[in-house]
Each structure stands twice: as C-alpha cells, then as structure tokens.
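# Architecture and fold: a report
If you want the building blocks of each chain, they are given just below.
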Amino acid sequence: MGESRRGPLKSAVPSNIVSPVRRCSRTACGRSAVATLTYVYADSTAVLGPLATYAEPHCYDLCAEHSERLTAPRGWEVVRLTDGSAPARPSGDDLEALANAVREAARPPERPGGPGGNGPRGADRAEVGRRGHLRVLRSPDS
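Parameters at a glance
- Residues numbered from 1 in each chain as written.
- Predicted model: local features only at pLDDT ≥ 70, side-chain atom pairs only at ≥ 80, totals over all residues.
- Heavy atoms only, no water.
- Core = buried A, V, L, I, M, F, W, Y, C linked by side-chain atoms within 4.5 Å.
- Buried < 20%, exposed > 50% of the residue type's maximum accessible area, 1.4 Å probe, protein only.
- Helix = DSSP H or I, 4+ residues; strand = E, 2+ residues; numbered from the N terminus.
- Salt bridge = Lys/Arg side-chain N within 4 Å of Asp/Glu carboxyl O.

Next up on the list: the nonpolar core. Cys24, Cys29, Ala35, Leu37, Ala46, Leu48, Leu62, Cys63 and Leu70 together form the largest nonpolar core, which totals 9 residues. Secondary structure elements with two or more residues in this core: strand S1 (35-40) and strand S2 (45-50).

So, in structure tokens, the structure goes:
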C-alpha cells in the first residue's frame, strides 16, 4: 500500500560518492579535517582538540589551516588540547644529537697499537664478515 516504487537500497546514496575522509566543516573548504572544535556554552569556551573518533552533530571538524586561525567570540576563551600520541617536532638538541651520531658513525675505526698500525689486529679478529658497508662483529664475550 504505502510502498515506494524504489527499493530501500536505491534510495540510499551510492557508496562511491561518500568519502571515508572527514572534511573541514568550514564553507567551501574541501581539505581533510585534523582537529575537532567543540563549544562549551556554560563556560564560554571553545575547545579545539585532536580529530574526534566519530563525527558528532554539535562538533565541527577543521582542517589544519582553519584550526590554526581559529578565534573565539569576544569574552570567550580558546582551549587548545594537544594530542600526546602525535610526534613532537624535533628540537635543536635532537638535531644536534643526530648530527653527532652521524659524525661518530662516519669516523674511521681506531687501530690498536698506535698510529703506525703495527700492533695486533684485534679489530680485524672481532670482524666476522663484511658485505658492502655492513660488518658482522663477534660478541666481545666469545
């Protein structure tokens, strides 16, 4: 009686049109969302945090550009939550430590017995095999 001419599957949106990637909620912005904005009206606070697991009706997903430029209404506070699992940007100390490790690895090995190299070739005895720039070393215990 009240049955439609089209079946329930034909009235649904085809799956090849719906994208699994969540998009920015800002008008005319098609970039991928990276953060979720929630308003706490009781505290006059806008909370911007990592992208929520599920899209909620009262939350707004924002791309990186719009989340960085976010401003709140006058009298409101913006709270930006950081994602603890996201990798931190390397600091100057991290980059210096990496450069020192590369320099140390590039330094030629010292030969026991002084600069003439006339001493015993203990370093060669510890080396078991070599393939290109890789070496297999024997454990000092064996």
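Below, the discussion takes up unusual backbone geometry. A negative phi angle is the norm for most residues apart from glycine, just as the trans form is the norm for most peptide bonds. Its identity as a non-glycine residue notwithstanding, Ala28 has a phi of 65°, on the positive side. Relative to the helices and strands, Ala28 is located in the loop between helix H1 (8-11) and S1. One non-glycine residue with positive phi stands out, namely Ser44, at about 50°. Tracing the backbone through its elements, the reader meets Ser44 in the loop between S1 and S2. Since its relative accessible area comes to 27%, Ser44 is described here as partly exposed.

The next thing to look at is the pattern of salt bridges. Tallied over the full model, the rule gives 3 salt bridges. The partner of Asp61 in a salt bridge is Arg22, and the shortest N-O contact between them spans 2.9 Å. With Asp61 in strand S3 (residues 59-62) and Arg22 in the loop between H1 and S1, this pair connects stretches of sequence that are 39 residues apart. Residue Asp61 is classed as buried on the basis of its relative accessible area, which comes to 9%. Between Arg69 and Glu65 there is a salt bridge, with its nearest N and O atoms 2.9 Å apart. Its relative accessible area of 35% is what places Glu65 among the partly exposed residues. Connected via shared salt-bridge partners are Arg31, Glu65 and Arg69.

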